[in-house]
Amino acid sequence: MTDRGSIEEIKGGATHDILQEIVAHKRQELERMKTKTPERLLHAEVERMLGGRVASLREAVSQSATGIIAEFKRRSPSKGWIKQEGKASRIPLSYQQQGAAAVSILTDSHYFGGCDTFVTEAREAGVTIPILYKNFVVDEYQLFQARRCGASAVLLIAACLSKQECRQLLRMAHELQLEVLLEMHGEQEAEYADWEPDLCGVNNRNLGSFVTSIDNSFRMASLLPAGAVKVSESGISRPDVIRELQIAGFQGFLIGETFMREDDPGEALGSFIREIQTGN
């Protein structure tokens, strides 16, 4: 799918489901990966890594005054390249230095220009805060990939999974010492929160059409468990929106393009946080 085609489909109101296309491609990609690195080898490698403390995304978001999960996102299926030259060895560390509670790193290659090694590069550069492995996870194999490259948590997307698949992946993630940010979009997905993920996310972007509306978080807030750590994702570009979402019960805020489109994403994050803190 070309960038131009994606944009035209979205603007034209076509019913083409981008998420369905991405998941289908992901399953094909996984078959190739499993041939290259068999599951038994990947499992053995990860099992040797288990033990010790893994940075908690839930704790980091809950204990942060701003709760910002700053995202390293180089590309979008709907908008093309955002920052093709962006370095995983620089930007995530800059996010940490500027006060991010955690970092999210896109690891999908075909649609988002990411890869697993970006997580490894960020860790090697000195990132110690939680890293969210953001991909379209549909298979346990990907959880082992996330743990191997140094992630602290993984994103599970309700729209990609049945409730039973979600439950099984959540259990396996925990066995691998990974926390789960479970992303929901509509009312019909709110029941996925019954599985008690570590964090409940509300995506303001419809993953079928890629249309974004911040109102989605306000609509979904009351449908999620009262004690859940709630994260609003996508479409957040102003500090005053953060304050409104906090009043609605959100503690975490996943923001990517707002920072990545700036010349210095880390500095953009720092300025954003200062505006929140000063009330400007």
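Residues numbered from 1 in each chain as written. Predicted model: local features only at pLDDT ≥ 70, side-chain atom pairs only at ≥ 80, totals over all residues. Heavy atoms only, no water.

## A look at helix 8 (residues 163–175)
Next up, step 1: When the terminal C-alpha atoms of helix 8 are compared, their 19 Å separation across 13 residues agrees well with the 18 Å that a helix rising 1.5 Å per residue should span.
Next up, step 2: Regarding helix 8, the residues found buried are Cys 166, Leu 169, Leu 170, Met 172 and Ala 173. Along the axis of helix 8, the buried positions cluster into a sector of 165 degrees, meaning they face one direction only.
Next up, step 3: Tucked inside the fold, the buried residues of helix 8 contact helix 7 (140–149), strand 6 (153–157) and strand 7 (179–184).
Next up, step 4: Of the residues trailing helix 8, Gln 177 is marked for its positive phi of about 65 degrees. (Helix = DSSP H or I, 4+ residues; strand = E, 2+ residues; numbered from the N terminus. Expected span 1.5 Å × (residues − 1). Buried < 20%, exposed > 50% of the residue type's maximum accessible area, 1.4 Å probe, protein only. Arc of directions from axis to C-beta. Contact = heavy atoms within 4.5 Å.)

## Re the packing of helix 7 against helix 8
Next up, step 1: Helix 8 packs onto helix 7 with a crossing angle of 25 degrees between their chain directions and a minimal axis gap of 10 Å. Compared by their axis directions, helix 7 and helix 8 come out roughly parallel. Viewed along their axes, helix 7 and helix 8 form a crossing whose handedness is right-handed. Along the contact surface, helix 7 presents Glu 140, Leu 143 and Phe 144, while helix 8 presents Gln 168, Leu 169, Met 172 and Ala 173.
Next up, step 2: Here the contact of helix 7 with helix 8 is composed, by residue class, of 5 nonpolar, 1 polar and 1 charged. (Axes fitted to C-alpha atoms, helices over the stretch in contact; angles between N-to-C directions. Parallel < 35°, antiparallel > 145°, perpendicular 65-115°, else oblique. Left-handed = near helix turned anticlockwise from the far one by under 90°. Nonpolar A, V, L, I, M, F, W, Y, C, P; charged D, E, K, R; others polar.)

## Describing the pattern of salt bridges
Next up, step 1: Under the defined criterion, the tally for this structure stands at 14 salt bridges.
Next up, step 2: As a salt-bridge pair, Lys 163 and Asp 194 come within 3.7 Å of each other at their nearest N and O atoms. Within this pair, whereas Lys 163 is found in helix 8, its partner Asp 194 is found in the loop between strand 7 and strand 8 (199–203), the two being separated by 31 residues in sequence.
Next up, step 3: Residue Lys 163 is classed as partly exposed on the basis of its relative accessible area of 24%.
Next up, step 4: On the accessibility criterion, Asp 194 (52% relative accessible area) is exposed.
Next up, step 5: Residues Arg 238 and Asp 240 are paired through a salt bridge, measuring 2.9 Å at the closest nitrogen-oxygen approach.
Next up, step 6: Via salt bridges that share partners, Lys 73, Lys 79, Arg 205, Glu 257 and Arg 261 belong to a single interconnected network. (Salt bridge = Lys/Arg side-chain N within 4 Å of Asp/Glu carboxyl O.)

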